[in-house]
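Coordinate inspection notes
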Amino acid sequence: MTKSDLKAPEPKRVKEWKLPSGVLSAALSEDGEKILCGCLDGVYLVDMEKSEISKLYAHDSYVSSVEWLSDRTLVSAGYDGRIIWFDMQEAQEIRSEKAHQFWSWDLAISNDRSILASVTGQYLAGGYRYEPAAESEPSIRVYEAQEGQLLHKLPHVPSVQAVAISPDGKSVAAGNLMGEIRIYDLETGNIQYQWTTKDFTSWGIIKSHSYLGGIFSMRYTPDGDSLLLAGMGPMRDPMAGNGRQLWQKWDLATDEPKLVDQTHEGESGEGLMEALAVDPDASFFVMGGRLRGGDWNAAFFDLNQGHRLATLKTGFRITDTRFYNSGGTLLVAGATGQGKPKKDKSFSAFGRIELYETAPQDS
Amino acid sequence: MSKRGCGSPEHLIHRRLFLEGTMAGASASAASFSGQFSIPAFAKTTQRAAKKCILLWLCGAPSQFETWDPKPGVETGGPFGSIPTSLPGVHISSLMPQCAGIMDKLAVIRSMSTKPSEHFQGIDALTRGDTPRPPFTRPILGSVISQQLGQIDSPVPQFVLLDPCPEGNEFKSFKAGNWAGWLGAEYGPVRAGGDYSIPNLDRLDSISDLDHEDRETLRQFLSRKFENDQRSDAAGALNASFQRVRGLMSCAPLFDLNQLPEEDRNRYGRGAFSQHVLQARHLIENGSTFVMVANGMPWDNHVYQHEMHQMLVPELDNVLFQLVTDLDQRGLLEDTLVIAMGEFGRTPWLNEARGRDHYPNAWSLAMAGGGVDGGVVNG
């Protein structure tokens, strides 16, 4: 299965929870005892010690991102365009900021939890071939994370669906529907890099002459020298969902960003990949999403050589994944289909959270 | 003077008058095709009196939740909110702010319930009025309307299908007989838009206008004679086809998007669907009876439901607003029925691929004009 020098991890599921609504984002607390979940209908807390799931609060639409700011405060962003700071001990909202007129597609926080960035943008027809119209509001907003002070309003082309902050907290990268990546210097607000990869975007040959897809997740490598992107390869029918499960690695240590690796031939199935997580020890990364064709919807890859190391088939669409415990623990979040209502008109719980032990070892 | 057919004076043709009529037609501008008719007053009356229809065929089937029947806050409601409209107490999707302002002109049916749950069968039932009845083929709505209400012998096609993205929707494989069924192929649509340009509409440079007309008059005379003498249906159908081509040649500018006013093109939006809705208005203004605008099958969002509807619904919102407003301001709305519909709705529940699947049990459509009362929401 692998030509990598790394010993393949053997991920083992150790815990799982079902949440009432689909989970779009999840974050484990520093003590490893609580999981924040951004769901379609609000922010939930999974208390592992008490085996309790409780709803903390709601946005006016889906919750797209959640992050811990400290052991008692959290921040969330939603499809209502709002960013909410919340005090868990007081069980009350600290601050609410209407960051965007449209959705917050994604929110990223710096490693030291001092800066956060949120991205937005509605795809509207701008031309005969449905080229995206120009933005009507700044697509990237950067805030001081604790107090919520706005630091930058940065331009991009809608829809901007993924964002990442560099490990040193000095740059923010954002990727859009059309596969365009912009990296801005967070001290000056000046653009550092701007390039486009066309490998994640579909223009429909059949069914729909419009664009679909784009970059759905991005993460810096721990050294900050490379940027990983995830999504799905182009499709003839943009609504088939059968594009190649695709990641790309771009080298930023040169004058111009350079594609250095991507999903290896024969190592992918079909389906949209929405989640990336990089092992803090810089050995491997995980990409997860939906299984449309093939036999996995999450896989471990060698960060340096790109080989696929291990796979998971979770049985649900993965929307977020993160490493903890120096890469020894993998958090996976997602959703199954909502399913038809039951006789009492309620729906089965369709949100999913799983924890895996990984324990990779160098050979 | 030539004598043809049964010898009735009605069938006599005066070549000079004939040529005057067709040449007048050929010189008419794209902006006004009343010149197609020899008596302008009659042309105007004909255009205004006849009932017409523009069908915005939302192929693939849009979600009722993200259009006319939002359910924000419920488990299946989706991420978009709702907004109030000009009708007190009535809310529609927040993606449709422009239509919200003209709800007094719209009739929205939220209680559509049909049986077929697959596209082809759904389209068949909705556009032909019933399930198939082999071996007969029921005529499609546009064929029936153009046959019943169309202007006889108009050079402007009476049934036009504008479909800028034909690849992938259910109409691509239709032959003429599939459209018009038992009414006969002459009631099938003239198809245009996108990749479907209409070829060979320009007269060859090597033939003068006069030569062209001479040839056509002679061809018509001989083939009519053959048709009548031999009682040949085939010759009749061929004559009908020639007439259609002649009509198309004379009104070719109507099918040229680039000849539409730039201000209108910007107002409608630059996407292919929007541009062809504008073209539909233009065709209706100039003599067509039924224009159907499709655009592939973009509404079939089994995956990426919200990512696609964020773009498709605002486009629909704008073109419907512009179209209804334009027709109203031009005094054409009373006689022109505008319908925006797909073949069914989408499931309330989301599937694993963040999409909504087919749902014929309860869905929505909207209409305006053509004598239909506005300001009505049913269901």
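Definitions and limits used
Residues numbered from 1 in each chain as written. Chains lettered and ligands numbered in written order. Predicted model: local features only at pLDDT ≥ 70, side-chain atom pairs only at ≥ 80, totals over all residues. Helix = DSSP H or I, 4+ residues; strand = E, 2+ residues; numbered from the N terminus. Buried ≥ 20, exposed ≤ 12 C-beta atoms within 10 Å, placed from the backbone. Contact = placed C-beta atoms within 7 Å. Core = buried A, V, L, I, M, F, W, Y, C linked by C-beta atoms within 7 Å. Pairing = 2+ DSSP bridges. Axes fitted to C-alpha atoms, helices over the stretch in contact; angles between N-to-C directions. Parallel < 35°, antiparallel > 145°, perpendicular 65-115°, else oblique. Left-handed = near helix turned anticlockwise from the far one by under 90°. Nonpolar A, V, L, I, M, F, W, Y, C, P; charged D, E, K, R; others polar. pLDDT = per-residue confidence, 0-100.

Before going further, it helps to examine the overall build of chain B. The helix and strand tally for chain B stands at 11 helices and 12 strands. Counting all 379 residues of chain B, 45% fall into the buried class. Counting contacts in chain B only where the partners sit at least 6 residues apart, residues at least 24 apart contribute 70% of the total.

The next thing to look at is the nonpolar core. Most often, soluble globular proteins have nonpolar side chains that are buried together. Cys37, Ala117, Val163, Val172, Phe285 and Met287 of chain A are the most contacted members of the largest nonpolar core, which has 99 residues in total. Those residues within four positions of cysteine 37 of chain A in sequence are excluded, and the remaining contacts are Leu19, Val23, Ala26, Val43, Tyr44, Val46, Val66, Ala333, Gly351 and Ile353 of chain A.

For the rest of this paragraph, the subject is the sheet that holds strand β2 (residues 23-28) of chain A. All names here are of chain A. Strand order in the open sheet formed by four strands is β2-β3-β4-β5, and the pairing between neighbours is antiparallel. Two strands lie at the open edges of the sheet, namely β2 and β5 (52-57), each paired on one side alone. On average, adjacent strands in this sheet sit at an angle of 25° to one another, irrespective of strand direction. Where β2 and strand β3 (residues 34-39) come together, five bridges link them in antiparallel fashion. Counterpart to leucine 28 in the pairing with β3 is isoleucine 35.

Okay, the packing of helix α10 (residues 272-285) of chain B against helix α11 (residues 305-329) of chain B next. All names here are of chain B. At a minimum axis distance of 10 Å, the contact between α10 and α11 shows a crossing angle of 15°. As far as their axial angle goes, α11 and α10 are roughly parallel. As for the relative orientation of α10 and α11, their crossing is right-handed in sense. Contacts between α10 and α11 pair Phe273, Ser274, Val277 and Arg281 from the former with Glu315, Asn318, Val319, Leu323, Asp326 and Leu327 from the latter. Looking at side-chain class alone, the contact of α10 with α11 contains five nonpolar, two polar and three charged residues.

Attention shifts here to helix α4 (residues 119-128) of chain B. Residue and element names in this part refer to chain B. Turning to α4, its buried residues number three or more, namely Gly122, Ile123, Asp124, Leu126 and Thr127. On its buried side, α4 packs onto α5 (141-149). Just beyond α4, the residue with positive phi is glycine 129, at close to 90°.

A few words now on the environment of glutamate 33 of chain A. All names here are of chain A. Following the sequence through the fold, glutamate 33 ends up in the loop between β2 and β3. The sequence separation of glutamate 33 and aspartate 47 amounts to 14 residues, and the corresponding C-alpha distance is 6.3 Å. Every residue in contact with glutamate 33, bar those within four places of it in the chain, is listed here: Met48 and Glu49.

A word on unusual backbone geometry. Residue proline 158 of chain A is joined to serine 159 of chain A through a cis peptide bond whose omega torsion reads -10°. Of note, serine 159 of chain A is situated in the loop between β13 (150-154) and β14 (160-165). At the junction of proline 134 of chain B and proline 135 of chain B, the peptide bond is cis and its omega measures out at 5° in the coordinates. Structurally, proline 135 of chain B is set in the loop between α4 and α5. Non-glycine residue serine 51 of chain A carries a positive phi angle of around 55°.

Turning our eyes to something else, we now look at the pairing of strand β17 (residues 191-196) of chain A. Residues and elements named next belong to chain A. Bridging between strand β16 (residues 180-185) and β17 involves five bridges; their strand directions are antiparallel. In the strand pairing of β17, isoleucine 183 is matched with tyrosine 193. In textbook terms, the turn of a hairpin is the stretch between consecutive antiparallel strands, and for β16 and β17 this stretch comprises five residues, one of which, glycine 189, has a positive phi near 80°.

Residue and element names in this part refer to chain B. Per-residue pLDDT for chain B has a mean of 83; in total, 83% of the residues score no lower than 70. Segment residues 1-39: pLDDT under 50, and 50 contacts once partners within four positions in sequence are set aside and those in other chains are kept. Here the prediction assigns the complex a pTM of 0.88, and the interface score ipTM is 0.94.

Interfaces are often described in size by the accessible area the parts lose on coming together. If you look at the interface, chain B gives 32 residues, while chain A gives 33 residues. Residue assignment for the side of chain B that touches chain A shows that the elements contributing at least two residues are α10 and α11 of chain B. The dominant element in the side of chain B that touches chain A, judged by the number of residues it contributes, is α11 of chain B, at six residues.

All names here are of chain B. By the secondary structure assignment, serine 364 is in strand β11 (residues 363-369). The exposure class of serine 364 is buried, given the 24 C-beta atoms found within 10 Å. Separated by 14 residues in sequence, serine 364 and asparagine 378 place their C-alpha atoms 9.3 Å apart. Here serine 364 is in contact with Gln64, Thr67, Trp68, Asp69, Val108, Ile109, Arg110, Met112 and Gly345, once residues within four sequence places are set aside.

Below, the discussion takes up the sheet that holds strand β25 (residues 284-289) of chain A. Residues and elements named next belong to chain A. Taking strand neighbours across the sheet as the criterion, the four strands line up as β24-β25-β26-β27 in an open arrangement whose pairing is antiparallel. Pairing within the sheet leaves two strands with one partner each, and these edge strands are β24 (273-278) and β27 (308-312). Each adjacent strand pair in this sheet contributes to an overall mean axis angle of 20°, direction not counted. Summarising the sheet, β25 and strand β26 (residues 298-302) pair through five bridges and their orientation is antiparallel. Note that in β26 the partner of valine 286 across the bridge is phenylalanine 300.

Before going further, it helps to examine the pairing of strand β12 (residues 140-144) of chain A. All names here are of chain A. Burial analysis of β12 places four of its five residues in the buried class, which makes it a mostly covered element. Alignment of strand β11 (residues 115-119) against β12, held across five bridges, turns out to be antiparallel. What sits directly across from leucine 116, in β12, is tyrosine 143. Two elements, β12 and β13, share four bridges in a ladder whose sense is antiparallel. Each bridged residue has a counterpart across the sheet, and for arginine 141 the counterpart in β13 is lysine 153. Linking β12 to β13, which pair antiparallel, is a turn of five residues; within it glycine 148 sits at a positive phi near 80°.

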